Amino acid sequence: MLKIVNTEWKLFLREPSMVVFAILFPTILLLVLGAIPALRTPDPQFGNLRFIDAYVSTLVVIALAFLGLNKLPATVATYREKGVLRRFSTTPVHPARLLIAQVVVNVIAGATSLVLLMLVCRLVFDIDLPHHPVGFLVTCLLGMLSLSALGLLIAAWAPNARSAGGWATVVFMLVMFFGGAYLPRFLMPEFLIRVGEYLPPGVEALQESWLGVAPDPVQVGVPALITLVAGTVAAKSFRWE
Amino acid sequence: MAIIEVVDLVKRYDRKVAVDGVSFTVDEGEIFGILGPNGAGKTTTVECVEGLRSPDGGTIRVDGLDPQRDRVKLRTRLGVQLQQSELPDRIRVGEALDLYASFYRDSADWRELLARLDLADRVRTEYRKLSGGQKQRVSIALALIGKPKVAVLDELTTGLDPQARRDTWSLVEQIRDSGVTVVLVTHFMEEAERLCDRIALIDAGRLVAVDSPAGLVSRVDGEQRVRFRPATPFDVALLEELPEVSKVEEHGPQLVVTGTGNLLHAVTSMLARNHVVAADLRIEQAGLDDAFIRLTGRTFTE
């Protein structure tokens, strides 16, 4: 199993676009936004926080959404289409291990991306490390798992790699929108903010555990439930060829 | 001794019958061909043998194992080269071999295997950068990595250029010589004729015949054709009078003489008696494709 994970991790690192988007992009975006003085000035409009403070959770969403809803379904659907999964099924090892390895790679890649982001936050912009480390860790992990489960569900149901990419993009856009990537969340109507709080990966819980207090259990519970349901359905309905 | 036994295999997709009562046995140490046109049910048949599909009827034994019940055990004794199965683009040849070797308790030395397949200098090459022939050889290597007793090779040479095809053929013979039983699925007559010890001829889901290539050909009676271009014009009726000749056709400047017995000798002595020089003389004997036409009543269309 370790060898499969290790191989998949190496393959991930060999795709430059993947590495740039999933690992470097959130940090680059932070640096670009942070270079604008207005976004570095405390604003009474959002409780004397700076724009970049309020935006950190969105940066986490971007990293996790890219891994779970872009990289994962594309890789898995391509593996099925090219017969990689089928070849696995001719060996003593079940092809499900390859999917599990993909999720593990996502968790490692997500962790790398977030550590880099936290370091730059702390060193360059003087943003605190997560106030509630355990809550932050759990929220991130569940966020990554819930988006990965949705990604696998898409890969399970889509007839081919092309439509998997299409469906995943729609969900990716929704997650990014509610996560505040396009329109900062404080500019959204109350209703959209509420919806976003409960959608995976749980942007409000990420924000709370990073710069507030402990995350709301319900906001963490919803991604956990989604992980369970989407993961089970994906496992049961997955087509190996 | 039989290492694979297939009895009355039936497989349906929805209502369409893909394999309809196919039976054959494969002996240990032979190259056994499964030959037939595209869509004849060859791949479905071997996929049932590999345990990748469950049959709707009949029984299969591979080295005494039931491919459905003993899936896991079967995987260690049967190596499979699938039709159109690729690897991730950026995986290196050595990494792929090392990974697949780790799936088996007792695996072959992959460096030695690559050397045998003439891939030793490609260990660090990414899969996407390999040529078609090299990809096929990697695929063979992966089929052999678990030290199988039987290797199933499905449409091994489809899409390869003639040189790569010939190289691959000698590899298949090497595999057999190393003691592995080979099941070769193909729609190339020439490949089956050249490589296989015995052939199962399959058409439209049914088994037409199982025999050695020579045995199949001998089922078509010994009709031959002699082709040549006479250097000077002469009376074709002289040929038709020969007892060995059944038919004479003129194709432009060429004559095609069909007949039996010692046809070549009869034709050439007649030509010599009449001082006719025959240019581009060629003799054609019945081959597997003639056998196929005779046995199925239709031409073998690829």
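Residues numbered from 1 in each chain as written. Chains lettered and ligands numbered in written order. Predicted model: local features only at pLDDT ≥ 70, side-chain atom pairs only at ≥ 80, totals over all residues. Heavy atoms only, no water.

**What to know about the overall build of chain A**
Filter applied, for reference: Segments assigned H or I by DSSP are reported as helices when at least four residues long, segments assigned E as strands when at least two residues long, and all are numbered from the N terminus. Radius of gyration here uses only the C-alpha atoms, and the compact-globule reference equals 2.2 Å multiplied by the residue count raised to the power 0.38. Only protein chains enter the accessibility calculation, which uses a 1.4 Å probe; a residue whose area is less than 20% of its type maximum is buried, one above 50% is exposed, and one in between is partly exposed. Areas reported as accessible are Shrake-Rupley estimates using a 1.4 Å probe. Residue values count occlusion only from the protein chains shown. This count recognises Lys and Arg as positive and Asp and Glu as negative, with His and chain-terminal groups excluded. To locate a charge, take atom NZ for lysine, CZ for arginine, CG for aspartate or CD for glutamate.
Looking only at helices and strands, chain A features ten helices and zero strands. Helices (α) and strands (β) of chain A occur, in sequence order from the N terminus, as α-α-α-α-α-α-α-α-α-α. The globule rule puts the C-alpha radius of gyration for 241 residues at 18 Å, and the 18 Å found for chain A is close to it. When its C-alpha atoms are laid out on the principal axes, chain A stretches across 60 × 35 × 30 Å. Within chain A, the proportion of its 241 residues that are buried is 54%. Summing over all exposed atoms, chain A offers an accessible surface of approximately 10,400 Å²; the carbon and sulfur share of this is 73%. Looking at charge distribution, chain A has the averaged site of its 17 positive side-chain charges lying 16 Å from that of its 13 negative ones.

**Comments concerning the sheet that holds strand E12 (residues 254-259) of chain B**
Residue and element names in this part refer to chain B. This is how the line gets drawn: Think of it this way: DSSP has to see at least two bridges between two strands before they count as a pair. Here, axes are lines fitted to C-alpha atoms. For helices the fit covers the stretch in contact, and angles between N-to-C directions go from 0 to 180 degrees. Contacts are residue-level and defined by heavy atoms, with any inter-residue pair within 4.5 Å sufficient.
The strand order E11-E12-E10-E13 describes an open sheet built from four strands, whose pairing is antiparallel. Strand pairing shows two members of the sheet lacking a second neighbour, strand E11 (245-251) and strand E13 (278-285), which therefore form its edges. The mean angle between the axes of side-by-side strands here comes to 20°, regardless of whether they run parallel or antiparallel. Inspection of the sheet shows E11 paired to E12 by six bridges, in the antiparallel sense. Residue His251 lies in a different strand from E12, and its bridge partner there is Gln254. Packing against the sheet, helix H10 (residues 263-273) makes contact with strand E10 (224-230), E11, E12 and E13, and its axis sits at approximately 25° to E10.

**Quick word on the nonpolar core**
Formally: Only buried residues count toward a nonpolar core, which is a set of Ala, Val, Leu, Ile, Met, Phe, Trp, Tyr and Cys residues joined through side-chain atoms within 4.5 Å.
Within the largest apolar cluster, 114 residues are counted, with the highest numbers of intra-cluster contacts made by Phe12, Val60 and Trp210 of chain A together with Leu97 of chain B. Beyond its immediate sequence surroundings of up to four residues, Trp210 of chain A is in contact with Val56, Val60, Leu117, Met118, Cys121, Ile127, Asp128, Leu129, Pro130, His131 and Phe136 of chain A. In this structure, Ile3, Val22, Val80 and Val152 of chain B belong to the second largest nonpolar core, which totals 29 residues.

**Let's talk about unusual backbone geometry**
The omega angle of the peptide bond from Pro200 of chain A to Pro201 of chain A is 5°, so this bond is cis rather than trans. One non-glycine residue with positive phi stands out, namely Asp8 of chain B, at about 50°. By the secondary structure assignment, Asp8 of chain B is in strand E1 (residues 2-13). For Asp8 of chain B, a relative accessible area of 46% translates into the label partly exposed.

**Description of the pattern of salt bridges**
In plain terms, the rule: For salt bridges, the criterion is a side-chain nitrogen of Lys or Arg within 4 Å of an Asp or Glu carboxyl oxygen.
One pass over the structure, following the stated rule, counts 28 salt bridges over all chains. Residue Glu95 of chain B is joined to Lys10 of chain A by a salt bridge in which the shortest nitrogen-to-oxygen separation is 3.6 Å. Here Glu95 of chain B is found in helix H3 (residues 93-101), whereas its partner Lys10 of chain A is found in helix H1 (residues 2-13) on a different chain. In this structure, the salt-bridge partner of Glu126 of chain B is Arg128 of chain B, at a minimum N-O distance of 2.8 Å. When its relative accessible area of 10% is taken as the criterion, Glu126 of chain B is described as buried. For Arg128 of chain B, a relative accessible area of 37% corresponds to the partly exposed category. Within the structure, one salt-bridge network assembled from shared partners comprises Lys10 and Arg14 of chain A together with Glu95 of chain B.

**Some points on the packing of aromatic side chains**
The condition that has to hold: The aromatic pairing rule takes the rings of Phe, Tyr and Trp, using the six-membered ring of Trp, and pairs them if the centres are within 6.5 Å, calling planes under 30 degrees apart stacked, those over 60 edge-to-face and the rest tilted. Here, over-ring charges are defined by two tests on the NZ atom of lysine or the CZ atom of arginine: distance to the ring centre within 6 Å, and angle to the ring normal within 35 degrees.
One pass over the full model with this rule turns up eleven aromatic pairs over all chains. Taken together, a centroid distance of 6.5 Å and an interplanar angle of 75° make the contact between Phe66 of chain A and Phe172 of chain A edge-to-face. Of this pair, Phe66 of chain A sits in helix H3 (residues 51-81) while Phe172 of chain A is found in helix H7 (residues 161-178), placing the two residues 106 residues apart along the sequence. The same class applies to Phe66 of chain A and to Phe172 of chain A, which are both buried. Among the aromatic residues, ring-to-ring pairing joins Phe21, Phe25, Phe66 and Phe172 of chain A into one connected group. Its end group placed over the ring of Phe238 of chain A, Arg80 of chain A keeps NZ or CZ at 5.4 Å from the ring centre. In this arrangement the basic side chain of Arg165 of chain B is found over the ring face of Phe188 of chain B, its NZ or CZ atom lying 4.1 Å from the centre.

**Description of the pairing of strand E8 (residues 198-203) of chain B**
All names here are of chain B. E8 sits mainly inside the fold: five of its six residues count as buried. Note that strand E3 (residues 31-35) and E8 share four bridges and pair parallel. The residue of E8 that forms the bridge with Ile34 is Ala200. By the bridge criterion, five bridges tie E8 to strand E9 (residues 206-211) in an arrangement that is antiparallel. Each residue of the ladder has a partner; that of Asp203, found in E9, is Arg206.

**Details of empty space enclosed by the protein**
Residues and elements named next belong to chain B. Heads up, the rule is: Of the grid points, spaced at 1 Å and generated over the protein atoms alone, those admitting a 1.4 Å probe that cannot get out make up cavities, while open sets with protein on both sides within 12 Å along at least five of seven lines make up pockets; any residue with an atom within 4 Å of a point is treated as lining. Grid points are joined across faces, edges and corners, and a volume is the space filled by probe spheres set on the points.
A full pass over the atoms with the stated rule returns four cavities of 30 Å³ or more. For the largest cavity, the calculated volume is near 70 Å³. Breaking the lining of the largest cavity down by element, the ones donating at least two residues are strand E5 (78-81) and helix H5 (132-144). Residue contributions to the lining of the largest cavity peak at three residues, all from E5.

**Concerning the packing of H3 of chain B against H5 of chain B**
All names here are of chain B. Put simply, the rule reads: Just so you know how the angles are binned, under 35 degrees is roughly parallel, over 145 roughly antiparallel, 65 to 115 roughly perpendicular, and the rest oblique. By convention, the crossing between two helices is left-handed when the near helix turns anticlockwise from the far helix through less than a right angle, and right-handed when the turn is clockwise. Charged residues are taken to be Asp, Glu, Lys and Arg, nonpolar residues to be Ala, Val, Leu, Ile, Met, Phe, Trp, Tyr, Cys and Pro, and polar residues to be all remaining types, Gly included.
For the pair H3 and H5, the least separation of the axes is 9 Å and the interaxial angle reads 20°. Classified by the angle their axes make, H3 and H5 are roughly parallel. H3 and H5 meet at a crossing whose hand is right-handed. Seen from H3, the contacting residues are Val93, Ala96, Leu97 and Tyr100; seen from H5, they are Val138, Ala141 and Leu142. Residue composition of the contact of H3 with H5, by class: seven nonpolar, no polar and no charged.

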